[in-house]
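# Architecture and fold: a report
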Amino acid sequence: MIVGDGSSSDVYLQLFDANPARAAEKHEALRRRLIKFFEWRRCRSPEDLAQETMARVFAKLQNISFSTDDPAAYFFGCAKNLVHEDRKAARKDERQNATLDNNDWPESDDDVVAAMDTQIDRRTILQQRLQSLTPAERKLVVQYCIRNSDGRCRLSEELNLTMGNLRLQFHRLKERLLRQTQEKPPALQQVRPSSHVLDDGHRRRQR
Amino acid sequence: MTDLRDEDLMRRFLLEDLTPEEREHVEAAFFRDPAYFDALSAAEDELILLHLRSELPERWRDSFQRAILDSPARRRHVDDMRGLLAASVAAGAPPADGSRWWKRSPKGLGVLFTAAAAVLILAFGWLLRQDRPQPATASPAIRTGVTPGVVTLFLAPGLTRADLRQSNVFRIPAGAARVQFGLVVPQHQLAEMRIQLRPVDGAAIATATGGDLVVRDTVDGLAVTWPVPASLLGPGDYILTVSATPAPGRDPESVAKRFFSVVR
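### Quick look at the environment of Leu178 of chain A
With respect to the helices and strands, Leu178 of chain A occurs in helix 8 (residues 163–181). For Leu178 of chain A, a relative accessible area of 10% puts it in the buried group. Separated by 52 residues in sequence, Leu178 of chain A and Leu126 of chain A have C-alpha atoms that sit 7.4 Å apart. Ignoring anything within four residues of it in the chain, the contact list for Leu178 of chain A reads Arg122 and Leu126 of chain A together with Asp80 of chain B.

Put into structure tokens, the structure is as follows:
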């Protein structure tokens, strides 16, 4: 049993594990579950709501005690309350937006092109990151993606895995690759598609 | 007693097709058990991949549309998986001659990645063509993550009108304000470029000239992007034509034509 004294975030981390490093890992894992929970509940800003859930539990440490047997249950309860609040706020926003003029042209061309660039960049990075996997990992990801359902069954046999394990391994590798795409590699600016063809690596408007 | 590992239950949870009691049960379980959460997330990946490969059984498609494609947060995962699929297609292609030519060239690595980016664009076209076995399936337009309300349609080349109902079929979300067309014209030098959008059996509904277009050179030609209001595109079949003057003193001619279909 941990009794919060409101003095330190250490108490908060102890909810997860006595070892600080393991506690930080478990905290991050729980944050990911919260984000998914809000996504699966169709909430508007899952990451913000996950953060808010954690902030509320942290605040409660000051005046209540927690059992460490199942800390996730506290977060789950708090998250469910936030779903109701989010739905209520969404309905209110919808009512307000209905009375405003709807401007159908909110972004500039630069915004649109920037979004295109972001997509292209991300996919280029993904391809680079695929090369950073071990050959076995890369084979699993590539073959899992490009084979059809029957082919994936054959792949599981080739790799001596059950379908469930193959699916899990693919999911974990995919998550790792996507996390890595958030960190743009320094070399990327040198390898943009149009970099040495037109005008120093930037798009141009045709004259 | 509910079997939480039952694949049908997990799929129904992901497609929002279960009772409130079942939902509560599944949610409590994935908060309690990280391994169960991973299994659910992996099952979601599988559903998305089935969708992107047009292998999603007919009976699940409506639920997939409502639960995943109509949800901005979950649709982002579809975009992520589409990117990984395109990268995997490119990575899965064998090298032309097996030699590691890029290691011999000081500029080789840059050229390699430039080519890889172009392959990704082409891979999108390839992926769209994979929808052919199931003509009724509409590819969801790619929704950009940083500019809500804008959807991007990559128009695959080499399609005839006969192919129209089997490929380049897009669903544009109801809330979209703008559509951004993207295509690659297989030329590197073009003057006086003009682009026209019209229904297959109708007059032009939008045109643009060079100044309205964003053009980038790639190894496979000019990548052209053109934004139009989404309200222009009701359900139906369309042709997008690019014409240009290939050389000074010559008459303009059609340099690219793309057929596509929109469902709402």
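Here the narrative resumes, following the displayed structure.
### What about the packing of helix 3 (residues 34–52) of chain B against helix 4 (residues 58–69) of chain B?
Residues and elements named next belong to chain B. Packing of helix 3 against helix 4 leaves a shortest axis separation of 12 Å and a crossing angle of 115°. In terms of crossing hand, the pair formed by helix 3 and helix 4 is left-handed. Contact residues: Leu47, Ile48, Leu50 and His51 in helix 3; Trp60, Phe64 and Leu69 in helix 4. Taken together, the residues of the contact of helix 3 with helix 4 sort by class into six nonpolar, one polar and no charged.

### Concerning the nonpolar core
Among the nonpolar cores identified, the biggest contains 70 residues, and Leu34 and Phe38 of chain A together with Val26 and Phe30 of chain B are the most heavily contacted of them. It is helix 3 of chain B that provides the largest number of residues to this core, a total of 10 residues. Counting residues in hydrophobic clusters, the runner-up holds 32 residues, among them Val151, Ile195, Leu222 and Ala244 of chain B.

### Digging into unusual backbone geometry
Even without glycine at this site, Arg42 of chain A takes up a positive phi of about 60°. One can find Arg42 of chain A in the loop between helix 2 (20–40) and helix 3 (46–60). One non-glycine residue, Glu16 of chain B, lies in positive phi territory at about 55°. Considering the arrangement of structural elements, one finds Glu16 of chain B in the loop between helix 1 (7–14) and helix 2 (20–32). Among the residues examined, Glu16 of chain B registers a relative accessible area of 29% and is labelled partly exposed.

### Here's the deal with a positive patch on the surface
On the surface, a cluster of positive charge is contributed by Arg87, Lys88, Arg91, Lys92 and Arg95 of chain A. As for its position among the elements, Lys92 of chain A is in helix 4 (residues 71–98).

### Some points on the pattern of salt bridges
Two side chains carrying opposite charge are able to pair once their charged atoms lie near each other. Under the defined criterion, the tally for this structure stands at 30 salt bridges over all chains. With its nearest N and O atoms 3.5 Å apart, the salt bridge here joins Arg44 of chain A to Asp86 of chain A. Placement of the pair is Arg44 of chain A in the loop between helix 2 and helix 3 and Asp86 of chain A in helix 4, with a sequence separation of 42 residues. A relative accessible area of 10% places Asp86 of chain A in the buried class. Arg12 of chain B is the salt-bridge partner of Glu22 of chain B, the closest N and O atoms lying 3.1 Å from each other. A residue pair is termed long-range when its members are at least 10 positions apart, and Glu22 of chain B in helix 2 and Arg12 of chain B in helix 1 qualify at 10 residues. You can call Arg12 of chain B buried: its relative accessible area is 19%.

### Section: the side chain of Thr225 of chain B
Residue and element names in this part refer to chain B. With respect to the helices and strands, the residue Thr225 is situated in strand 9 (residues 221–229). Residue class for Thr225 comes out buried when judged on its relative accessible area of 11%. Engagement of the side chain of Thr225 in a polar contact is seen with the side chain of Gln180, the distance being 3.5 Å.

### A few points about helix 4 of chain B
With 12 residues, helix 4 of chain B should cover 16 Å at 1.5 Å per step; its first-to-last C-alpha distance of 15 Å lies within 8% of that length. All of the buried residues in helix 4 of chain B are Trp60, Arg61, Ser63, Phe64, Ala67, Ile68 and Leu69 of chain B.

### Structural notes on the packing of aromatic side chains
Enumeration over the complete set of coordinates arrives at 15 aromatic pairs over all chains. Between the aromatic rings of Phe16 of chain A and Phe75 of chain A, the centroid separation amounts to 5.6 Å while the plane-to-plane angle is 35°, which identifies the pairing as tilted. Of this pair, Phe16 of chain A sits in the loop between helix 1 (9–14) and helix 2 while Phe75 of chain A sits in helix 4, placing them 59 residues apart in sequence. Exposure remark for Phe75 of chain A: the relative accessible area of 0% places this residue in the buried category. On the basis of an interplanar angle of 70° and a centroid distance of 5.2 Å, the ring pair of Phe37 of chain A and Phe38 of chain A is categorised as edge-to-face. Each member of the pair Phe37 of chain A and Phe38 of chain A is classed as buried. Taken together, the ring pairs connect Phe37, Phe38, Trp40 and Phe76 of chain A together with Phe13, Phe30, Phe31 and Phe37 of chain B into an aromatic cluster. Over the aromatic face of Phe76 of chain A sits the side chain of Lys80 of chain A, whose NZ or CZ is 4.4 Å from the ring centroid. Between the NZ or CZ atom of Arg152 of chain A and the centre of the ring of Tyr144 of chain A, over which it lies, the distance is 5.3 Å.

### Considering helix 7 (residues 149–158) of chain A
Gly151, Arg152, Leu155 and Ser156 of chain A are the residues of helix 7 of chain A that are buried. The buried residues of helix 7 of chain A all sit within an arc of 145° when viewed along its axis, so they share a single face. Along helix 7 of chain A, the residues that are exposed and aim more than 90 degrees away from the buried face are Asp150 and Glu157 of chain A. Where helix 7 of chain A is buried, its residues contact helix 6 (135–146) and helix 8 of chain A together with helix 3 of chain B. Two or three places before Asp150 of chain A, at the start of helix 7 of chain A, stands the capping residue Asn148 of chain A, its side-chain oxygen 3.2 Å from that residue's backbone nitrogen. Positive phi appears at Asn160 of chain A, one or two residues downstream of helix 7 of chain A, with a value of about 60°.

Rules and cut-offs
Counting from 1, residues in each chain are numbered in the order their sequence is written. Chains carry letters and ligands carry numbers; both start at the beginning, A for chains and 1 for ligands, and go up in the order they are written. Under the rules for a predicted model, residues below a pLDDT of 70 receive no local features and side-chain atom pairs below 80 are neither given nor counted, while totals for whole chains, interfaces and linings still include all residues. The side-chain numbers reported here are obtained from all heavy atoms of the structure, hydrogens and water having been left aside. The helix count covers DSSP runs of H or I at least four residues long, the strand count covers runs of E at least two residues long, and both are numbered beginning at the N terminus. With a 1.4 Å probe rolled over the protein chains alone, any residue whose accessible area is under 20% of its type maximum counts as buried; one over 50% counts as exposed, and the rest are partly exposed. Contacts between residues were defined by any pair of non-hydrogen atoms, one from each residue, lying within 4.5 Å. Note on definitions: angles span 0 to 180 degrees between N-to-C directions of axes, and those axes are lines fitted to C-alpha atoms, for helices only across the stretch in contact. Two helices crossing with the near one rotated counterclockwise from the far one by less than a right angle form a left-handed crossing, whereas a clockwise rotation gives a right-handed crossing. Polarity classes work like this: nonpolar for Ala, Val, Leu, Ile, Met, Phe, Trp, Tyr, Cys and Pro, charged for Asp, Glu, Lys and Arg, and polar for all others, with Gly in that last group. Take the buried residues of types Ala, Val, Leu, Ile, Met, Phe, Trp, Tyr and Cys, join any two whose side-chain atoms come within 4.5 Å, and each joined set is a nonpolar core. Only residues whose relative accessible area exceeds 30% and that take part in no salt bridge are eligible for patches, with like-charged residues grouped when within 9 Å of each other and nonpolar side chains (Val, Leu, Ile, Met, Phe, Trp, Tyr) grouped when within 5 Å. Each accessible area value is a Shrake-Rupley result obtained with a 1.4 Å probe; residue values ignore everything except the protein chains displayed when judging cover. Salt bridge, as used here, is a side-chain nitrogen of Lys or Arg placed within 4 Å of a carboxyl oxygen of Asp or Glu. By the counting scheme adopted, Arg and Lys are positive, Glu and Asp are negative, and His together with the chain ends is not counted. To locate a charge, take NZ of a lysine, CZ of an arginine, CG of an aspartate or CD of a glutamate. Whenever two N or O atoms come within 3.5 Å, that pair is a polar contact, provided that in protein one can donate a hydrogen and the other can accept it, and provided that, for residues adjacent in sequence, both atoms are side-chain atoms. The span one expects for a helix is its residue count, reduced by one, times 1.5 Å. Put simply, two rings from Phe, Tyr or Trp (the six-membered ring, in Trp's case) pair if the centres are within 6.5 Å, and we call them stacked under 30 degrees between planes, edge-to-face over 60, tilted for the rest. Ring-over charges, as used throughout, are those where CZ of Arg or NZ of Lys falls within 6 Å of the ring centre and within 35 degrees of the ring normal. Read the arc as the range of directions from the helix axis to the C-beta atoms.

No statement about biological role is implied by the geometric values presented.
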